[in-house]
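Residue-level structural notes
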Amino acid sequence: MSLTLYAHPFASYCWKPLVALYENATPFSYRLVGDAAAWAELESLWPIKKFPLLRDGGTTIIESSIIVEYLGRHHPGNTPLLPVNDDAALAVRFMDRFFDNYVSTPMQALVSDRLRPAGQRDAMGVASARAMLDVAYGWLEARLSPGAWACGSDFTLADCSGAPALFYADWVHPLGDRFPRVLAYRSKVLARPSVARVVDEARPFRALFPGGAPDRD
Ligand SMILES: N[C@@H](CCC(=O)N[C@@H](CS)C(=O)NCC(=O)O)C(=O)O
């Protein structure tokens, strides 16, 4: 078995497979996508040039959620991240899509806007991303059960997605005191050892966060 993950410790979508790998103590090599050579390698494998990307021997697996499912099928460990029951698995995939599409996507829009030169900021895009986050936070507030993971009593793929989504979303659009269940869930998921590990590995890169990272977490 020879697994290589193309990733960067500060990149939110990379946290999803990293958490899955750490949950199951799955051995892998970390190919940090930082220098030109690593970017060129990534591009040769996936011209879209987005990561994470997993190589398993000669096989390439792309997209964070697909990588987590692939790991579960081909390199299973003690923590299955997708339920065996088909309907329960659908619920987990749904929450994974929710976190990616309605938390991570607007979060990334806010981060990207901070990277734009002054005068080229997208005020409408920012307002729409903030509105989407408010709706998503509100929906999640009603959906989460106190003390539970995103989909109940088991830690799943949905939590691998929820952790980075809410970690960074709260930095750019704070939950404040309007969404106490979401805030409690964020704390719970960040305290999970596999997640705490990715948070710690990303710590040295916080100075890169556009506009400055808040002094917490
Ligand atoms: N849908 C993709 C999203 C991947 C993605 O947006 N990755 C970001 C890092 S978090 C990236 O590759 N950024 C590099 C770039 O856009 O140049 C997934 O789930 O893997």
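Notes on the structure in this doc start here. (Residues numbered from 1 in each chain as written. Predicted model: local features only at pLDDT ≥ 70, side-chain atom pairs only at ≥ 80, totals over all residues. Heavy atoms only, no water.)

With respect to the packing of aromatic side chains
For clarity, the threshold we go by: Note on aromatic contacts: the rings of Phe and Tyr and the six-membered ring of Trp form a pair at centre separations within 6.5 Å, being stacked when their planes are under 30 degrees apart, edge-to-face when over 60 apart, and tilted otherwise. Three labels apply to residues, based on accessible area from a 1.4 Å probe with only protein chains included: buried if under 20% of the type maximum, exposed if over 50%, partly exposed otherwise in between. Remark: a charge is flagged as sitting over a ring if the NZ atom of Lys or the CZ atom of Arg is within 6 Å of the ring centre and within 35 degrees of the ring normal.
The full count for this structure, using the stated rule, is 19 aromatic pairs. Each ring, one from Trp149 and one from Phe155, has its centre 5.0 Å from the other, and the planes form 90 degrees; the classification is edge-to-face. When its relative accessible area of 4% is taken as the criterion, Phe155 is described as buried. Feature note: the residues Phe10, Trp15, Phe167, Tyr168, Trp171 and Phe209 constitute an aromatic cluster, connected by ring pairs. The ring of Trp149 has Lys188 sitting right over it, with the charged end atom 4.1 Å from the ring centre.

Examining the site of the ligand
The line we're drawing: Near, as used in this document, describes a residue that has one of its heavy atoms within 4 Å of the molecule or strand being considered. Two N or O atoms count as a polar contact when they lie within 3.5 Å, although within protein this holds only if one can serve as hydrogen donor and the other as acceptor, and sequence-adjacent residues are included solely when both atoms are side-chain atoms. Areas reported as accessible are Shrake-Rupley estimates using a 1.4 Å probe. Residue values count occlusion only from the protein chains shown. Only protein atoms enter the calculation, which uses a 1 Å grid: trapped sets of points that fit a 1.4 Å probe without letting it out are cavities, open sets showing protein on both sides within 12 Å along at least five of seven lines are pockets, and any residue with an atom within 4 Å of a point is a lining residue. Whether a molecule lies in a cavity or pocket depends on its atoms, and more than half of them have to be within 2 Å of the grid points. Think of it as three bins: nonpolar holds Ala, Val, Leu, Ile, Met, Phe, Trp, Tyr, Cys and Pro, charged holds Asp, Glu, Lys and Arg, and polar takes everything else, Gly as well.
In the region of the ligand, the neighbouring residues are Ala11, Ser12, Tyr13, Trp39, Lys50, Phe51, Pro52, Glu63, Ser64 and Gln108. Here an oxygen atom of the ligand and a side-chain polar atom of Lys50 are 2.7 Å apart. Measuring from an oxygen atom of the ligand, one finds a side-chain N or O atom of Ser64 at 2.6 Å. Protein burial of the ligand: of its 510 Å² of free accessible surface, 75% is covered by the chains. More than half of the atoms belonging to the ligand lie within 2 Å of the grid points that define the largest pocket. Of the residues assigned to the shell around the ligand, the class counts are five nonpolar, three polar and two charged.

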